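Single-letter residue listing:
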Amino acid sequence: MAQYQLLYSGSEGSVLTARPIDCSIPEYLPEPLLLSHHDKTKTIVPSKIDYSRFINEISSRRRPAQLREISKVLEKLPSTCIKFGIGVPNVLTFPFKKISVELITGENIELKDQELSDALQYLASVGYRPLINLLEGIQDWFHGPQNWEDTSIMVTSGAQEGLSKAVDMCMSCNDSVIIPDPIYTGAIDLFKPYNAEIISIKQDSYGIIVEELEKVLVERKMKMLSIPKIIYLNPTASNPAGTTLTTNRKREIYRLACEYDMLILEDDPYYYLHFGPENPVSLLSMDTEGRVLRFDSFSKIMSSGLRVGFITGPKTLLRQMELHMQTSSMHTSSLSQVLLYKLLSKWGRDGLVSHFMHVKEFYKQKRDHMMAAVVRELEGLAEWNEPTGGMFLWLKIIGVDDTRKLVATRCLDKLIILAPGYAFVDNVESPSSFVRLSYSIATPEEIDRGISLLAECIREEQQLS
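Predicted model only: the values in this text are computed from it and were never measured. (Residues numbered from 1 in each chain as written. Predicted model: local features only at pLDDT ≥ 70, side-chain atom pairs only at ≥ 80, totals over all residues. Heavy atoms only, no water.)

Before going further, it helps to spend a moment on the overall build of the protein. For the protein, the helix and strand inventory stands at 13 helices and 16 strands. When burial is assessed residue by residue, the protein has 52% of its 465 residues classed as buried. Restricting the contact set of the protein to residue pairs at least 6 apart, pairs at least 24 apart contribute 75%. Accessible surface computed for the protein: about 21300 Å², of which carbon and sulfur atoms make up 53%. (Helix = DSSP H or I, 4+ residues; strand = E, 2+ residues; numbered from the N terminus. Buried < 20%, exposed > 50% of the residue type's maximum accessible area, 1.4 Å probe, protein only. Contact = heavy atoms within 4.5 Å. Areas by Shrake-Rupley, 256 points an atom, 1.4 Å probe, with all protein chains shown as cover.)

What follows is the structure in structure tokens.
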């Protein structure tokens, strides 16, 4: 595939243009993509963990859905087998002959014959096996060789479904959980129905403060309080703070997880939107004990509407989540999975990296434009750390203890939409001096005008404070 970069529109109604960019593959990446995963295994054998601690009473009572299990057996049988035991509709009755999708490069992806049949039919709950094989290669490449004897992948409807299944597997009522402060609202809302004891750990410009985390754990142990089962992390260009955990902090967090027998939920949808020269070192790549569940998503880099994400982690835990999947959504959209498989197969390693690079550069230009406007307009009115990737800028408004009125009235009156800071903390009733800005879809002109109007709103609000 040709290497390319899309430049965002400079004025309303202009056409997106493309130009070549340097899409060289970073030298630090481990091994070539899409090699047989059987050729690569971790040299360190994971120690055995008693996973019963992370499987609640409801999840432990889940049993395989017998008819769903048959679909897994079919993957291993020749196509000539006679399928009397399969209660699925016949694809010959479906009104689709061919599905064709045109890429922005002008190339086409076609689904027909057996691939079309797969895309229109039920799949095994873990996902489309050819796609999973490619995903294993991607994880080996970006996060080091995995031991696929003990580790597996399950495709989910976006990373959010995977997170939901993991929380529903682990949490019991009144359990404690460790989260960053601030936190992605879609994560914290997963713990609320369990009346969870939320232990929030403050972040600085390098992510959660490990000393604060260790202090909490030491105090709980001394007081003989329960140790949380879960640490939830959004480590790369976190939503909303835009911070990226350093490698050293990740190592310390992993050490504490091992010492205190905790599971790490590594929710990393912005991993491929990191603006640094090298991809971050993941917690999955450090995991020698089998206590990391990693959640990846194609929503930010391919299409949010495809609803495809995937979990990587210990087979024992993924099997429990699979049993839940069997009786809920059954599986992620077959059409989305087969289409993504065809795209990844067509691109190969170079095409995939090229796409990552152009998406990353697109958002980096957006970030840079917003930061220039913020420095120009908001100096003395707000405080911030420059986002390390992703789509968000986290602003602390000087002299405004609670931004509710600023967001809901003053800015809205000027048709500026912001996300209020209180939405990203445990207690939404508490005041917050923060707001979150997204630079993902605003044009350069909208960014300039919007930040200028925001400055006016802040000055007006400060006069009343």
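Picking up where we left off.
What follows is about the sheet that holds strand β16 (residues 434-438). The strand order β13-β14-β16-β15 describes an open sheet built from four strands, whose pairing is antiparallel. Both outer strands of the open sheet, β13 (382-384) and β15 (419-420), are each paired with one neighbouring strand and no more. In this sheet, β16 lies alongside strand β14 (residues 392-397) in antiparallel orientation, the contact comprising five bridges. If you follow L395 over to β16, its bridge partner there is V435. (Pairing = 2+ DSSP bridges.)

Okay, empty space enclosed by the protein next. Here the structure, examined in full by the defined rule, presents four cavities of 30 Å³ or more. Put simply, the largest cavity is a space of about 50 Å³. Taken together, P180, Q203, G207, I208, L233, N234, P235, S238, T243 and L245 form the lining of the largest cavity. Grouping the amino acids of the lining of the largest cavity by side-chain chemistry returns five nonpolar, five polar and no charged. (1 Å grid on protein atoms, 1.4 Å probe; cavity = no way out; pocket = protein on both sides within 12 Å on 5 of 7 lines; lining within 4 Å. Points joined across faces, edges and corners; volume = space filled by probe spheres on them. Nonpolar A, V, L, I, M, F, W, Y, C, P; charged D, E, K, R; others polar.)

What the rule picks out here adds up to 12 aromatic pairs. Ring centres of F142 and Y271 lie 6.3 Å apart, and the angle between their planes is 85°; this geometry places the pair in the edge-to-face category. Taken together, the residues span a long stretch of sequence, with F142 in helix α4 (residues 129-143) and Y271 in the loop between β10 (263-267) and α9 (283-286) at a distance of 129 residues. With respect to burial, F142 and Y271 carry one shared label: buried. (Phe/Tyr/Trp six-rings, centres within 6.5 Å; stacked < 30°, edge-to-face > 60°.)

So, on to the state of the cysteines. The full count for this structure, using the stated rule, is zero disulfides. No disulfide involves C411; its sulfur sits 3.9 Å from that of C457, the nearest cysteine. By relative accessible area, C411 is classed as buried at 0%. (Disulfide = S-S within 2.5 Å.)

Below, the discussion takes up the confidence of the model for the protein. Mean pLDDT over the protein stands at 89; residues scoring 70 or higher make up 90%. Below pLDDT 50 for its whole length, residues 1-46 participates in 108 contacts with residues either more than four positions away or in separate chains. (pLDDT = per-residue confidence, 0-100.)

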